[in-house]
Every structure is written in C-alpha cells, then in structure tokens.
Amino acid sequence: MLAPIPRWLLIVLLVLPISAWALDPESQAAKDEGMRPYNAHQRMMSMPYLEIAARIGDVETMYYLAEVYRLRRLCCLRFPGSGRLPSSL
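The structure presented is a predicted model; accordingly, all values stated were derived computationally and were not measured. (Residues numbered from 1 in each chain as written. Predicted model: local features only at pLDDT ≥ 70, side-chain atom pairs only at ≥ 80, totals over all residues. Heavy atoms only, no water.)

Caption draft 1: Representation of helix α2 (residues 25–39) within the structure. The terminal C-alpha atoms of α2 lie 21 Å apart, and with 15 residues this matches the ideal 21 Å at 1.5 Å per residue to within 8%. Within the span of α2, buried status applies to Ser-27, Ala-30, Lys-31, Gly-34, Met-35, Pro-37 and Tyr-38. On an axial view of α2, the arc spanned by its buried residues comes to 165°, and they lie on one face. Opposite the buried face of α2, at more than 90 degrees from it, the exposed residues are Pro-25, Arg-36 and Asn-39. (Helix = DSSP H or I, 4+ residues; strand = E, 2+ residues; numbered from the N terminus. Expected span 1.5 Å × (residues − 1). Buried < 20%, exposed > 50% of the residue type's maximum accessible area, 1.4 Å probe, protein only. Arc of directions from axis to C-beta.)

See the structure below:
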C-alpha cells in the first residue's frame, strides 16, 4: 500500500504549476498586441506577435496562431489593404 503524501509536498505540487502558467511581461505584451489585430479580423497582421508568445508555450496563443494558419490554408485570409489572397500557401 502507498504511504500518504505529506501535506507540505501536496501544497508545493499544487502551487508550483500556477507560477508556470503566467507569461513573462514581454510575452504577455506580444500576446496582447497580437490579439488586437486578430480580434479586428486582421489575422495576418497578428501572426508575428502571436508567434512570440506561442514559442514560450502559451496554449491559448498556440490555438489562435493555429487558427490563423488554418484560415490561411483555406484561402480565407487576404493581405491587409490589398484585397488579394496570399500567394503562398
């Protein structure tokens, strides 16, 4: 039978991952800056900013970046201001 886990070890294990969820200020700023054009339906412009936060490991940013790539693959995105489709898929 397994020995019970000490209370202090349980607290440490529960608290440690919470600090890992937070982004550093630079990555959080890149995520916020990337979400502005994304929410304004200018998703191609959001890609460089979202890539910064996604490289750090932010799961939510990875989702939005993957959505941009998916829409780009489906030819649903146009270059900002030009009205034309992206040439490279």
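Caption draft 2: Summary view of the environment of Thr-61. Relative to the elements of secondary structure, Thr-61 occurs in helix α4 (residues 59–73). Between the C-alpha atoms of Thr-61 and Tyr-49, which are 12 residues apart in sequence, the distance is 9.6 Å. Residues in contact with Thr-61, not counting those within four places in the same chain, are Lys-31, Leu-50, Ala-53 and Ala-54. (Contact = heavy atoms within 4.5 Å.)

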